[in-house]
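# What the coordinates show
This is what each chain is made of:
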Amino acid sequence: MAQQYSRRNLDFMLKEVLKVGELTQYPHFQDYTPDMFDMVLDTAEEIADKIMRPAYVESDRKQPELINGQVKVHPAVKDYMKAMGDSGMISATFHYEHGGQQLPLLVNAANEFIRGAAHNSFVMFTGLTAGSAHLIYSFGSKELQEKFADRMITAEWTGTMCLTEPQAGSSLSDVVTTASPQADGTYKIKGQKVFISAGDHDIADNIIHLVLARIEGAPLGTKGISLFVVPKFRADDAGNYTIDNDVVSTGIYHKMGQKATPAMHLTFGDKDNSVGYLVGEANRGLQYMFQMMNEARLGVGMGGTYIASAAYYAALEYAQERPQGRRLTNKNLVDSQTFIINHPDVRRMLTFQKAIVEGCIGLLFQCYWWQDMIHGLGSDNEEAKAYQTMLDLMTTVAKTYPAEYGIKAVNEGLQVFGGYGYTEDFPLEQMARDVRIMSIYEGTTGIHSLNLLGRGVTANGGKAPQLLFAEVMKTVIEAKNHEVLLPYAEKLEKELGRLQKVTMHLLGLAAQGNNEVFLADATLYMELFGIITVAWQWLKQGVVSQNAIEQSAPTGDELAFYQDKIHTMKFYFHYELIKTLSLAARLLDTEVLTVLHEEVEA
Amino acid sequence: MKILVCITNVPDTTAKISFIDGDTKFNKTGVQYICGPYDDYALSRAVELKEQHGGTVTVLNVGEAESEQVIRKCLAIGADDAIRVNTEPTDSYFVAEQIAHIASQENYDLILMGRESIDFNSGVVHGLVGEMLGIPSLSPVMKLEIDGGVAKMTREIEGGKEDVEASLPLVLGCQEPIAEWKIPNMRGIMSARTKPLKVVEPVGSGLTITEKYALPAPKGAVKMIPAEEAEKLIDLLKNEAKVL
């Protein structure tokens, strides 16, 4: 199998664009030296190469089975979890006092990228375990931390997040799972949760579910939701986790992709014997869960990107080896066939993939860098507050654009293979199935788009977009110093103006009081926003590359790397950024075609 | 138990190989370096033995400053300290001379290294070190247990295996499956920074001067002949490849 990612590009992003080494000046990261970050990525590569990649196809073909109430998964999942637990990678970013090593999230993102590109489905197990353990450390009592989270970060036990119910998917305010208080301070949990990733398996002795439920008498809506730790097995009198906690695997979903991760239908408390432990305060569950959801949202954006990366490198390798036809300038049939990479349309598809992958890495790593800077500066610092405001705005974009465009990029990768891409002889069909979930996980594209337009750009008098646009303008000003980048800086500046114009138009609709009209095309607004912010990331990479060419005089492969960056940046501007024309035209169009009239709905 | 593990800093197996200065020097630009895979096994077994019997593991590398990234990784895996002999490892005898010089200053029970490096693949350094120190050397060792002052080993031989015993101290060239593969963990990575890495100057000087490197001839193009056209294949082998 071809390589799945470019280590050189990850190094470029970490060391040259975001200057990860400078984070070590802050007390939170002071125990690190930059070479230690390389070692973390080396470890990720070893786990990816030796455990994950070899199991990628087989674990898709031999998917998990529910047999006599117990799910069996591919045995390599256990090897993976052991390697991750032994290496301390599950809790690497956690605070020292929570068993972590305070690794920058940026480095951890590159670590996850390497593993995810090798096997996107296995990464789910560690992502969920880390996220749920982090939630317990952040909001749970010391007792819950010691009983559960300490055993999750070593991979002895795994974790899940249980939000969705049959009648409450995107609409969490309709959650009906109940929690009845008991005399001993615990709660009896009763209800059903669906689409629970890694909800059951045979690779760990216990599974720690983090469940959203309503305590009897709680207010309606999201303000009445609490968070509970509900283990698969609870402790007996001796403190051993041997008691079946009445969490039943009612069904296993047969999914389109990501088949190595079982998605479960779980029933809690069918025998009235499922004990849950309240995390933090009652009725603040959704607020707590947002920590894990926001982590997972960036993780889903990463998923769209690292699968697209694996697809790109597979397509690139194939295009370099597959002879077919002759160049359109060559009519001589006696000549050998040319490799398909020499055909402009194939080059267009490949360059599109590269532009999406590396642009999305830029967008996501920017968000992780903001988080690291908040940790570094301290959340009370004014600069850190600005980063937090931009992060709150951009998390939804960094989830959605890479998910949506990751799907498009993998699709182009499959197209490069022609008919072979549609067969199981090559991994593209699997990647196309795997990536499809990303625009659905952790809030669909539609939900995130409503969030961006309905809340993100309007909160605090539009402070977040103001800060973001100022950041974009810093890059524009830097780019204008380079002749080769000047036209692209001007283009981006113009697009920023277009985005502001569209935003003002939509806010005008909001002021008229009809939210359905205002938000009807929020998904298109999200796409517009995503394209322009990825163009910003490309211009940023262009500036760093042009500086390297001018100041370091690289040669050979290094020069080619930077030149390729500039070329791909140009491609993004000429082929993708221009899509803003049609998106903006539609968003400024006042013809309303998708909003139901009251009488139609009735 | 005191164990010395000798490691090589070698180009990754996927590295693009090219030469500079009139083909007299290896072009290191853009090349990713790794610890020799056989050395990795030696180190992993040394760490396991330390865990079982106590003692220390010292990593030794004959190499220039660029080796230190790989040395730090070995410290992250579990070695206690490291020594780097600050010189280019020009030939096997020169490298063995450095190892023997360092080893002679301490009473190591075991001197472990890979059966061979994966750049020049001479596979003779362990033998030379044993000879220079006047202690036995064995290679390739695929299983190693220590019982008191005796090493019980399984060695790969032509067409089979050989179980052998020898008293410590020993020099061993190692290969898989002598140990479980190990990766640096986060605690190891954090502690590697503060573990001692001593740099010493070499003794003597290398005997080898490289006159010229050359890459293997590129592989010829493959011609696919349908199974039912065996005569055509024979014709090509006779008249084109001229191997019949």
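Only a predicted model underlies this, so the values are computations on that prediction, with no experimental measurement involved.

### Remarks on helix α18 (residues 580–588) of chain A
- The complete set of buried residues in α18 of chain A reads Thr580, Leu583, Ala584 and Leu587 of chain A. For α18 of chain A, the angular spread of the buried residues around the axis is 95°, confining them to a single face.

### Details of the UniProt feature "domain: Electron transfer flavoprotein alpha/beta-subunit N-terminal" (unreviewed entry) in chain B
- UniProt annotation of "domain: Electron transfer flavoprotein alpha/beta-subunit N-terminal" (unreviewed entry) refers to residues 23–209 of chain B when read in the numbering used here.
- The distance from the first to the last C-alpha atom of residues 23–209 of chain B is 13 Å, and the span holds 29% helix and 32% strand.

### Things to note about the pairing of strand β11 (residues 263–268) of chain A
Residues and elements named next belong to chain A.
- Buried residues dominate β11, accounting for six of its six residues.
- Side-chain alternation along β11 places Ala263, His265 and Thr267 on one buried face and Met264, Leu266 and Phe268 on a second face that is also buried.
- Strand direction decides the pairing type here: strand β5 (residues 187–197) and β11, joined by five bridges, are antiparallel. Bridging from a neighbouring strand, Ser197 pairs with Ala263 of β11.
- Here strand β10 (residues 247–252) pairs with β11 via five bridges, running antiparallel. If you follow Ile252 over to β11, its bridge partner there is Met264.

### Some words on the nonpolar core
- One finds Phe365 of chain A together with Leu144 of chain B to be the most contacted residues of the largest nonpolar core, which totals 245 residues.
- The dominant element in this core, judged by the number of residues it contributes, is helix α8 (residues 285–321) of chain A, at 20 residues.
- With 18 residues, the next largest nonpolar core counts Leu4, Ala96, Ile111 and Val125 of chain B among its residues.

### What to know about the sheet that holds strand β6 (residues 56–63) of chain B
Residues and elements named next belong to chain B.
- The sheet built from nine strands is open, its strands ordered β11-β10-β9-β12-β8-β1-β6-β7-β13 with mixed pairing. Where the open sheet ends on each side, the last strands, each with one partner, are β11 (160–167) and β13 (197–200). Between one strand axis and the next, the sheet turns through 30° on average, direction left out of account.
- Bridge analysis of strand β1 (residues 2–7) against β6 gives six bridges, and the strand direction is parallel. Opposite Leu4, over in β6, you have Thr58 as the bridge partner.

The rules behind each value
Residues numbered from 1 in each chain as written. Chains lettered and ligands numbered in written order. Predicted model: local features only at pLDDT ≥ 70, side-chain atom pairs only at ≥ 80, totals over all residues. Heavy atoms only, no water. Buried < 20%, exposed > 50% of the residue type's maximum accessible area, 1.4 Å probe, protein only. Helix = DSSP H or I, 4+ residues; strand = E, 2+ residues; numbered from the N terminus. Arc of directions from axis to C-beta. UniProt positions renumbered as here; feature names shortened; annotations may be inferred. Pairing = 2+ DSSP bridges. Core = buried A, V, L, I, M, F, W, Y, C linked by side-chain atoms within 4.5 Å. Axes fitted to C-alpha atoms, helices over the stretch in contact; angles between N-to-C directions.

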